[in-house]
Amino acid sequence: MKTLTIDVVSDVVCPWCYVGKRRLERALALLAIQHPDVDPEVRWHTFQLNPEMAPEGMARADYVSQKFGDKAGSVYERVAGVGKEAGIAFAFDRIARQPNTVVAHSLIAVSEPGMAQDAMVEALFKTYFIEGRDLTEAAVLMDIAESAGMARSVAEQHLQNSALHSQTIGNDNAAREMGITGVPFFIFNRQVGLSGAHESDTLLQAMAEAMNAAPPSH
């Protein structure tokens, strides 16, 4: 089997990242048909859309007003339309709080790449964008972790681990130092980078390009 590494830089409160996840899943389904000899390995990495956000977050209405002003309605209407095409029923009106995402990202970081990490990412997206729950609440985060297969007691330890949270902030800074300014950002075989929630066909082309490229020199 050939290995294909796919590094996804993302934020759990980024609707385009949720769309990007669905499009990546479709691209991987196509890859499995066209290249059954390839074993893709997906890893999710930290990016904070709002690195200065207070730990307790802020009222969603205030955040949206500050960020988009009068354009908020049309902005989210467009995202909702794209989400519907991707099979995501965004419920932006249910979101009452814009959270700081350091602790949520920490739960992703400690999850094993593959099915466990995918389940954690999916649960965070679903809880925030579909259910509109507050990702700054410890009980909510423990519910999410448990639904993704992590023991509640283990999740609670991660929620209280300040060293882990500092490492997560460091990972966010590292992404920015790489030149990443927006998410989702996909890196295939550490060689081909793609910024944005591209259609599945485009992601598949990037995978093919990365697999055909010469290995990076060290």
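Residues numbered from 1 in each chain as written. Predicted model: local features only at pLDDT ≥ 70, side-chain atom pairs only at ≥ 80, totals over all residues. Heavy atoms only, no water.

A.B. asks: Before we go on, may I ask you to explain the pairing of strand β1 (residues 2–10) in this structure?
C.D. replies: Looking along a regular strand, one sees side chains alternate from face to face of the sheet. β1 sits mainly inside the fold: 7 of its 9 residues count as buried. Direction of pairing for β1 relative to strand β2 (residues 38–46): parallel, over a ladder of 9 bridges. Bridged to Thr 3 within β2 is Asp 39. At this point the chain moves from β1, through helix α1 (residues 15–34), to the parallel β2, and the crossover so formed is right-handed. (Buried < 20%, exposed > 50% of the residue type's maximum accessible area, 1.4 Å probe, protein only. Helix = DSSP H or I, 4+ residues; strand = E, 2+ residues; numbered from the N terminus. Pairing = 2+ DSSP bridges. Right-handed = clockwise from strand over helix to strand, strands pointing away.)

A.B. asks: What should I look at first to understand the sheet that holds strand β6 (residues 192–195) in this one?
C.D. replies: Strands belonging to one sheet form pairs held by backbone hydrogen bonds; the direction of such a pair is parallel or antiparallel. Here we have 4 strands laid out as an open sheet, ordered β2-β1-β5-β6, and mixed in their pairing. Since the sheet does not close on itself, it has two edges, and those belong to β2 and β6, each with one partner. Taking each pair of neighbouring strands and ignoring which way they run, the sheet shows an average axis angle of 20°. Relative to β6, strand β5 (residues 185–188) runs antiparallel, the two sharing 4 bridges. If you follow Phe 185 over to β6, its bridge partner there is Ser 195. (Axes fitted to C-alpha atoms, helices over the stretch in contact; angles between N-to-C directions.)

A.B. asks: Can you help me understand the pattern of salt bridges in this one?
C.D. replies: Where charged atoms from two side chains of opposite charge approach closely, those side chains can pair. Summed over all chains, the structure comprises 14 salt bridges. With a closest N to O distance of 3.4 Å, Arg 23 and Glu 199 form a salt bridge. Of this pair, Arg 23 sits in helix α1 while Glu 199 sits in the loop between β6 and α9 (200–212), and the two are 176 residues apart along the sequence. One network of salt bridges, in which partners are shared, links Lys 21, Arg 22, Glu 25, Asp 118 and Glu 122. (Salt bridge = Lys/Arg side-chain N within 4 Å of Asp/Glu carboxyl O.)

A.B. asks: It is not clear to me how helix α8 (residues 162–177) should be interpreted in this structure. Could you clarify?
C.D. replies: Each α-helix turn comprises 3.6 residues. Residues three or four places apart therefore point the same way. Taking 1.5 Å per residue as the helical rise, α8 with its 16 residues ought to reach 22 Å, and the 23 Å between its terminal C-alpha atoms agrees with that figure. Buried residues along α8 sit in contact with β1, β2, α4 (102–109) and α7 (152–159). The backbone nitrogen of Ala 163 lies 3.2 Å from a side-chain oxygen of the residue at the head of α8, namely Asn 161. A positive backbone phi angle near 100° is found at Gly 179, which sits one or two residues after α8. (Expected span 1.5 Å × (residues − 1). Contact = heavy atoms within 4.5 Å. Polar contact = N/O pair within 3.5 Å; in protein donor to acceptor, adjacent residues only side chain to side chain.)

A.B. asks: I'm lost on the packing of aromatic side chains in this one. Help?
C.D. replies: Inspection of every chain in the model, using the stated rule, returns 11 aromatic pairs. An angle of 80° between the planes, with centres 6.0 Å apart, marks the rings of Tyr 18 and Phe 90 as edge-to-face. Taken together, the positions of Tyr 18 in helix α1 and Phe 90 in the loop between α3 (72–86) and β4 (97–98) put the pair 72 residues apart, joining distant regions of the chain. On the accessibility criterion, Tyr 18 (3% relative accessible area) is buried. With 4.9 Å between their ring centres and 75° between their planes, Tyr 128 and Phe 129 make a pair best called edge-to-face. Note on Tyr 128: relative accessible area 0%, which makes it buried. By relative accessible area, Phe 129 is classed as buried at 0%. The ring of Phe 47 carries the charged tip of Arg 176 above its face, separated from the ring centre by 4.2 Å. (Phe/Tyr/Trp six-rings, centres within 6.5 Å; stacked < 30°, edge-to-face > 60°. Lys NZ or Arg CZ within 6 Å of the ring centre and 35° of its normal.)

A.B. asks: Got a minute to help me understand unusual backbone geometry in this structure?
C.D. replies: As a rule of thumb, non-glycine residues mostly have phi less than zero, and peptide bonds are mostly trans rather than cis. Residue Pro 184 is bonded to the preceding Val 183 through a cis peptide linkage, with omega at 5°. A positive phi angle, close to 50°, is found at Asn 189, a residue other than glycine. Positionally, Asn 189 belongs in the loop between β5 and β6. Assessed through its relative accessible area of 18%, Asn 189 is described here as buried. The backbone phi angle of Arg 190 is positive, close to 60°, even though this residue is not glycine. Arg 190 gets classed as exposed once you look at its relative accessible area, which sits at 61%.

Purely geometric stuff here, so don't read any function into it on its own.
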